Amino acid sequence: MALRRCTKAVDGTIPVQALLYDDEEIYASQDNVGIYDGPQKSPNHQAGTIYVTTHRLFYIDVHNPFAHSFFMDLSYVSRTEHYAGLFKSSPKVTLHLTWGPTMQNQTASQDQTTGFESWECEVCAYRNPPGLSPAAAKVCGLCGVPRASIPTPIAPTVPPKQLSLSLPASSTSLAIPSPRSTTPASNTDPDTIACPACTFLNHRSLRSCEICSTELPRVRRTMKSAPSSRPVSPDLDDEDSPLTRMVKISFRKGGDKPFYTVLKRSLKSKIWEANGFGTNASINTRSVPTTSDRSGVSKSGISGILQTVEDSAQGRQMGMMDAFQDLEALMVKAKDMVRLAAELNEKLTAASTSSSTQSPLSLASTPTSSSTTLISHAEPEEATFIRSSLSQLGLQMSNAPVTLDMMKDERRWIEELARELAQVLQGSREGGGMMKNRGIIALDEAWGGWNRARGVALIPPSTFLSVLPHLPSCTEPTIQSRTFLSGLGVLHTPMYSAAAFAAKLSGMLALTGPKTTIEVALEEGITVGLSSEMIAAAEADGSICRDDSATAIVGGGGAGDAGLRWWPNLFVDYVWDGQD
Amino acid sequence: MSLTTHTTTSGFILPSIHSAPPFFTQQPNPTTQSIATDQWIHLIQAYARHNRLFVLRVEDAEISGNDWDEVLRNERINRKLLPMHLTQILAKMVFSNVATYDPPKQTRSVLLYWRLPDEWAEVLHSWAVSTAQLNTILTFYDITDPPVKSELSGIPVSLLRKAINILVKSGRAQLIGVADGEGVRLFSGGR
C-alpha cells in the first residue's frame with residue numbers, strides 16, 4: 001500500500017545525520033509518534049521518532065530500528081492535513097501521496113545508480129562527489145550542466161507489477177544505464193562488457209576496448225552489500241483509492257503543531273527539485289519557476305550564471321511593467337489632477353480676496369479677532385507657496401494670473417544669478433573674469449564658462465537667457481546682450497555696442513585704408529565670424545561700404561566674402577566734383 | 001586716402017568718386033546704394049551731354065571698346081561696372097524719367113534724356129527761329145543732319161518725334177506727310 005510504495009527502508013541504528021544527502025539538512029524531529037498506513041495503523045511502526053528534512057521524512061523505530069525504520073521522499077506528498085485530536089485520539093498529520101506508475105522503479109534505479117556514486121561530468125570532467133540528493137546529483141556541481149548520461153530508465157513495456165514480479169531481485173539488468181542504443185541487450189555476463197564496435201568482451205573494469213580502443217559503455221553494477229531489508233514487491237491488491245493513498249503520523253505525546261509548520265515549510269520550498277528536474281512529474285508541472293522559488297538555492301556553474309541573468313532580466317521586465325502601469329494610472333488621473341489644481345487655485349484666490357478685504361476690517365473692529373488676523377496674515381504666504389508649487393508641477397492655471405509675489409522668489413534667484421554671472425564675466429578684484437581682456441563674448445561661450453565655473457547645479461540655457469536682462473544692473477562697465485541678424489547672441493561692453501563699433505571701424509578704415517574682414521578681426525582681436533557679424537551690422541547702418549573684387553577688370557576673383565574689402569562710406573556727404 | 005578728379009582724353013572731368021572702388025560695387029545697404037545710383041545717373045548724364053551720346057545699352061558694360069568706356073570702366077583702379085548693376089541703374093533712370101527704354105518693352109537699351117523732351121522742343125523751336133525756317137516744311141533729315149551743325153545734329157528720330165509732338169500740342173508745329181516720309185512745319189507759336 002502507500003507506505004510500501006513510497007518508503008524505503010533504512011538502517012535505523014545509524015544516526016539520522018549520517019543517512020542524509022550532502023545537501024540535505026534536518027529541520028525538526030519528534031519522538032513518540034506512530035504511523036498509519038492509509039486509515040489503519042501500521043503495526044510495525046507504532047513507536048518511533050520522526051524527522052523532517054529538506055528532502056525526506058525519516059521514521060526511526062524505537063523497538064526495532066534496524067528492520068522497521070524507513071524514509072520517504074517529500075516529493076510524493078501532494079497535500080497535508082492536520083487533525084488536532086479529540087479526547088483519546090492523538091493529534092495527527094495526514095500526508096496525501098501521489099505517484100506515477102513508474103515512479104517506484106525509477107527512484108529505485110536512481111538510488112542505485114546516481115545517489116551514492118561519484119560521477120564525472122562530461123563537459124568539465126569534474127568528478128562529482130557521491131552523496132548528493134537525487135535531484136542535485138543530476139547536475140554537475142562545477143559547471144551546472146545536467147548529467148547527460150543519466151540513466152534513463154527504460155520504459156517498461158509491461159506493467160510495473162508484473163515486471164517486478166518477474167525480476168524480483170531489484171531488476172539489475174534493466175537498471176543498467178544504456179547510453180548507447182548499440183549496447184547489446186544480451187549482455188548477460190555481468191563481468192564482461194561487449195565492445196560496441198568489435199563486440200569483444202572486455203573486462204568490466206576497462207574503460208575502452210582492449211582490441212579497438214573504442215570507448216566502452218560504462219556499466220554500473222549495483223554493488224549492494226546487503227540485500228534490501230524489504231524487497232520491493234508491489235501489492236497485487238493495490239487499490240488506488242484516495243483513502244489508501246495516504247500516510248498518517250500520529251503524535252502520541254504532542255509536538256504536532258511545530259512539526260506540522262516545519263513540514264509545510266519544507267514542502268513549500270521544494271528543495272528536492274530545485275537543482276534541476278523534479279522526480280515527480282506531477283509536482284514539477286505545478287511548480288512555477290519564479291525567482292523567489294529558487295532564491296535559496298546555491299547557484300553554480302554556467303547554468304547558474306545563465307539562471308542569474310535570466311532572473312535579473314525577468315526582474316527588470318517586471319519592474320518595467322510596474323512602472324508602465326503606474327504611468328498609465330497617472331495618465332488616467334491626469335485630468336483629475338488638473339481639475340484639482342484648478343479648484344485649489346480658485347479657492348486660494350477666493351480666500352486671499354476675502355482675507356484682504358477682511359483684514360482691515362478685523363484690524364479696525366475688535367482686538368478679539370486676533371486669531372483671524374493671524375490667519376489672514378499667514379494665508380497669502382501659504383497661498384503663494386501652494387501656487388508656486390503648482391506652477392513648478394506644470395499645473396499652473398492659465399486663468400490664474402502669475403502674481404508678482406508668486407514670482408518673488410524666482411526673481412530674487414535670477415538676480416542672484418545675474419550677480420554671479422557678472423562675477424564670472426568680469427572677475428573679482430583679484431581674479432580675472434572671462435571678459436577681462438575682451439570686450440565681446442559669444443553667448444554659448446559665456447554659458448559654457450559659467451557652468452564650468454559653477455561645476456554643480458548647472459544652469460539651463462533658458463534660465464541663462466532670463467538672467468541676461470538683469471546683467472547690466474550688476475556689471476560695471478555694463479555688459480549688455482546683443483543679437484545679430486544671423487541669430488548669433490553676444491555679450492559686450494559698451495565699447496562694442498553697435499554704434500560705437502561702427503564709428504570705431506569707419507574711423508579705423510579711414511585712417512588705415514580699406515581692410516578685409518579677416519584684417520578687421522585681427523585688428524580687433526575677435527573671431528572672424530564675430531567680426532563679419534559686426535561688420536555686417538555696421539554696413540547695415542550705413543557707416544561702411546564694400547568693394548567687391550568681382551568688379552575688377554583684370555583678375556578679380558574671390559568668391560563670396562573673400563574678395564570683399566571694407567571702405568568707409570564714401571557716398572555719404574559726397575559732393576559732386578566732376579563735370580556738369 | 002584722398003580721391004581726386006580725373007580728366008579724360010576727351011576733356012571730360014570724371015568725379016573723384018569714380019576713382020573709389022566701392023563705387024563700382026553694388027551696395028547691399030539700400031540707402032548707400034541709392035546714393036551711389038544717384039551719382040551714377042549724374043555721371044552718365046553729364047558724360048552723355050559732354051559727348052552728345054543719346055543711347056546707353058547694357059552691352060556697353062559687357063563689351064569694352066565703345067563710347068562709354070571712360071565712364072563704365074576705370075583702368076586705373078582696375079574696376080568696371082557689372083552689367084547687372086548697370087541694368088539697375090538704367091531701371092532707376094527710367095523710373096525717375098531721365099531716360100526711356102528705346103525701343104520700348106525691353107530693358108537693355110535706353111534713350112537718355114540729358115535734355116527732357118520739353119527742353120528739346122524749345123531747342124528745336126529756337127533753332128528754327130534762329131535759322132529762319134519758320135513756316136517752311138522740314139523733313140526729319142533736315143533737322144537731324146543740317147548743313148550747319150546745330151545742337152540737334154544726330155538727335156535720334158524717336159526723340160525728335162517726341163519734341164515735335166510737344167510743339168504740335170502747343171500749336172507751334174504741324175506734322176505733314178510728304179512723299180518720302182514725314183515733314184514738319186514750325187510756326188512762330190504763342191497763339
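Our subject is the structure listed above.
A short tour of the structure in this document, coming up. Just so it is clear, the model here is predicted, and its values are computed rather than measured.

Cut-offs applied
Residues numbered from 1 in each chain as written. Chains lettered and ligands numbered in written order. Predicted model: local features only at pLDDT ≥ 70, side-chain atom pairs only at ≥ 80, totals over all residues. Heavy atoms only, no water. Helix = DSSP H or I, 4+ residues; strand = E, 2+ residues; numbered from the N terminus. Buried < 20%, exposed > 50% of the residue type's maximum accessible area, 1.4 Å probe, protein only. Pairing = 2+ DSSP bridges. Expected span 1.5 Å × (residues − 1). Arc of directions from axis to C-beta. Patch = residues over 30% accessible without salt bridge, like charges linked within 9 Å, V, L, I, M, F, W, Y side chains within 5 Å. Areas by Shrake-Rupley, 256 points an atom, 1.4 Å probe, with all protein chains shown as cover. Salt bridge = Lys/Arg side-chain N within 4 Å of Asp/Glu carboxyl O. Contact = heavy atoms within 4.5 Å. Buried area = accessible area lost by both parts, 1.4 Å probe. Polar contact = N/O pair within 3.5 Å; in protein donor to acceptor, adjacent residues only side chain to side chain. Axes fitted to C-alpha atoms, helices over the stretch in contact; angles between N-to-C directions. Phe/Tyr/Trp six-rings, centres within 6.5 Å; stacked < 30°, edge-to-face > 60°. Lys NZ or Arg CZ within 6 Å of the ring centre and 35° of its normal.

Quick notes on unusual backbone geometry
The linkage connecting D102 of chain B with the following residue, P103 of chain B, adopts the cis geometry, with an omega of -5 degrees. With respect to the element layout, P103 of chain B can be found in the loop between β6 (99–101) and β7 (109–112). Non-glycine residue S213 of chain A carries a positive phi angle of around 65 degrees. Mapping S213 of chain A onto the fold places it in the loop between β12 (201–203) and β13 (246–251). A positive phi angle is found at A132 of chain B, which is not glycine, with a value near 55 degrees. Topologically, A132 of chain B is positioned in the loop between α5 (117–130) and β8 (137–139). The class for A132 of chain B is exposed, based on a relative accessible area of 66%.

Re the pairing of strand β10 (residues 181–186) of chain B
Residues and elements named next belong to chain B. Pairing geometry for β8 and β10, over three bridges, is antiparallel. Following the sheet pairing, I137 is matched in β10 by R185. Of the strand pairs in this sheet, strand β9 (residues 173–178) and β10 are connected by six bridges, and their pairing is antiparallel. Following the sheet pairing, L175 is matched in β10 by V184.

A look at helix α7 (residues 256–269) of chain A
Residues and elements named next belong to chain A. In a regular helix each residue adds 1.5 Å, so 14 residues correspond to 20 Å; α7 covers 20 Å between its end C-alpha atoms and thus fits that length. Buried within α7 are the following residues: D256, F259, Y260, V262, L263, S266 and L267. Projected onto a plane normal to the axis of α7, the buried residues spread over an arc of 165 degrees and lie on a single side. Every exposed residue of α7 that faces more than 90 degrees away from the buried side is listed here: K257, P258, R265 and K268.

Section: a nonpolar patch on the surface
On the surface, a nonpolar cluster with roughly 630 Å² of combined accessible area is contributed by M320, F324, L327, L330, M331 and M337 of chain A. Relative to the assigned elements, M331 of chain A resides in helix α10 (residues 301–365).

Concerning the interface of chain A and chain B
On the chain B side, the residues contacting the 27 residues of chain A number 36 residues. Buried area between chain A and chain B, summed over both chains or domains, comes out near 2700 Å², and the portion from carbon and sulfur atoms is 64%. It is I553, F571 and Q579 of chain A in chain A that bury the most area against chain B; as a group they hold 29% of the surface buried on that side. In this structure, the connection of chain A to chain B is made through ten residue pairs in polar contact (both at pLDDT 80 or more). Sorting the residues of the side of chain A that touches chain B by element identifies α18 (528–540), β17 (544–548) and β18 (564–568) of chain A as the ones contributing at least two each. Among the elements that line the side of chain A that touches chain B, the one with the most residues is β17 of chain A, at four residues.

Considerations on the sheet that holds strand β3 (residues 55–57) of chain B
Residues and elements named next belong to chain B. Strand order in the open sheet made by the three strands is β3-β7-β6, with antiparallel pairing throughout. The strands lining the two open edges of the sheet, one partner per strand, are β3 and β6. Looking at each pair of strands side by side, their axes are set apart by 30 degrees on average, direction ignored. Alignment of β3 against β7, held across three bridges, turns out to be antiparallel. Bridge pairing in β7 links R57 to S109. Where helix α4 (residues 83–95) meets the sheet, its contacts fall on β3, β6 and β7, and the angle it forms with β6 comes to roughly 110 degrees.

Observations concerning the sheet that holds strand β16 (residues 489–492) of chain A
All names here are of chain A. Strand order in the open sheet formed by three strands is β14-β16-β15, and the pairing between neighbours is antiparallel. Taken across any chain shown, the strands that pair with only one partner, and hence form the sheet edges, are β14 (440–442) and β15 (480–483). Strand-to-strand twist of the sheet, defined as the mean angle between neighbouring strand axes without regard to direction, takes the value 30 degrees. With four bridges connecting them, β15 and β16 associate as antiparallel partners.

Thoughts on the packing of aromatic side chains
On inspection of all chains with the given rule, the structure shows 14 aromatic pairs over all chains. Geometrically, the ring pair formed by Y47 of chain B and W68 of chain B is tilted, given 5.6 Å between the ring centres and 45 degrees between the ring planes. Separated by 21 residues along the polypeptide, Y47 of chain B in helix α1 (residues 30–51) and W68 of chain B in the loop between α2 (59–62) and α3 (69–72) bring together distant segments of the chain. Each of the two residues, Y47 of chain B as well as W68 of chain B, counts as buried. Of the aromatic side chains, those joined through ring pairs into one cluster are F571 of chain A together with F23, F24 and W40 of chain B. One residue, R265 of chain A, lies across the ring of Y27 of chain A, its end atom 4.9 Å from the ring centre. Over the ring of Y496 of chain A we find K504 of chain A, and its NZ or CZ is 5.0 Å from the ring centre.

Read these as geometric descriptors, not functional statements.
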